[in-house]
Amino acid sequence: MKLRLLLFLVVPLFVACNSNAKSGGLRQDERAAEAIGGWLYYYSMNKNYDSIYNLMGQDYFAKTSKEQLKNYIIEKEEKLGEIKTFEIKDWKKHQAEGDSDIDAQYVLRYKVEYVNGASEETLYLSKEDGDLKIMDYKVAAAGL
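Residues numbered from 1 in each chain as written. Predicted model: local features only at pLDDT ≥ 70, side-chain atom pairs only at ≥ 80, totals over all residues. Heavy atoms only, no water.

Topic: the overall build of the chain
- On a plain count of helices and strands, the chain comes out with four helices and four strands.
- Its helices and strands taken in sequence order, the chain reads α-α-α-α-β-β-β-β from the N to the C terminus.
- Per-residue burial for the chain yields a buried fraction of 38% across its 144 residues.
- Restricting to contacts in the chain with at least 6 residues of sequence separation, those with at least 24 account for 52%.
- On the chain, roughly 9000 Å² of surface is accessible, and the fraction owed to carbon and sulfur atoms is 53%. (Helix = DSSP H or I, 4+ residues; strand = E, 2+ residues; numbered from the N terminus. Buried < 20%, exposed > 50% of the residue type's maximum accessible area, 1.4 Å probe, protein only. Contact = heavy atoms within 4.5 Å. Areas by Shrake-Rupley, 256 points an atom, 1.4 Å probe, with all protein chains shown as cover.)

What follows is the structure, encoded as structure tokens:
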């Protein structure tokens, strides 16, 4: 009798927790996507360019080498200066963007203030081996 009572109480609790975990997984992905953007700017601000490679997906490096990425970020910072602030302007999930051939799970748009100007930067993220990775990175700024 006690076993039946225990099963009657525990099974619904397990089912409820499991369904919350599935919807919580999406929220965790959203937070992870925002964290990846934060790490990108943190590494850039600290000139730790080699760590940025770990944020990028294999598809990104299929069309751009690590050295090209590093040079691009350095050139951007030489023209715009040091990063002062960055904030998420907009983000979407499960959408492909117009001119990009990347089928991104998340698209994050940042407003980034540099010492010598501002830019609008877009990160396209998708899952790769269970982890969110940057599949494409675009910067729109005057002078670039």
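A word on unusual backbone geometry
- Backbone geometry places lysine 47, a non-glycine residue, at a positive phi of 60 degrees.
- Note that lysine 47 resides in the loop between α1 (2-45) and α2 (49-52).
- On the accessibility criterion, lysine 47 (41% relative accessible area) is partly exposed.
- Although it is not a glycine, aspartate 129 sits at a positive phi angle of roughly 55 degrees.
- Under the relative-accessibility criterion, aspartate 129 is labelled exposed at 74%.

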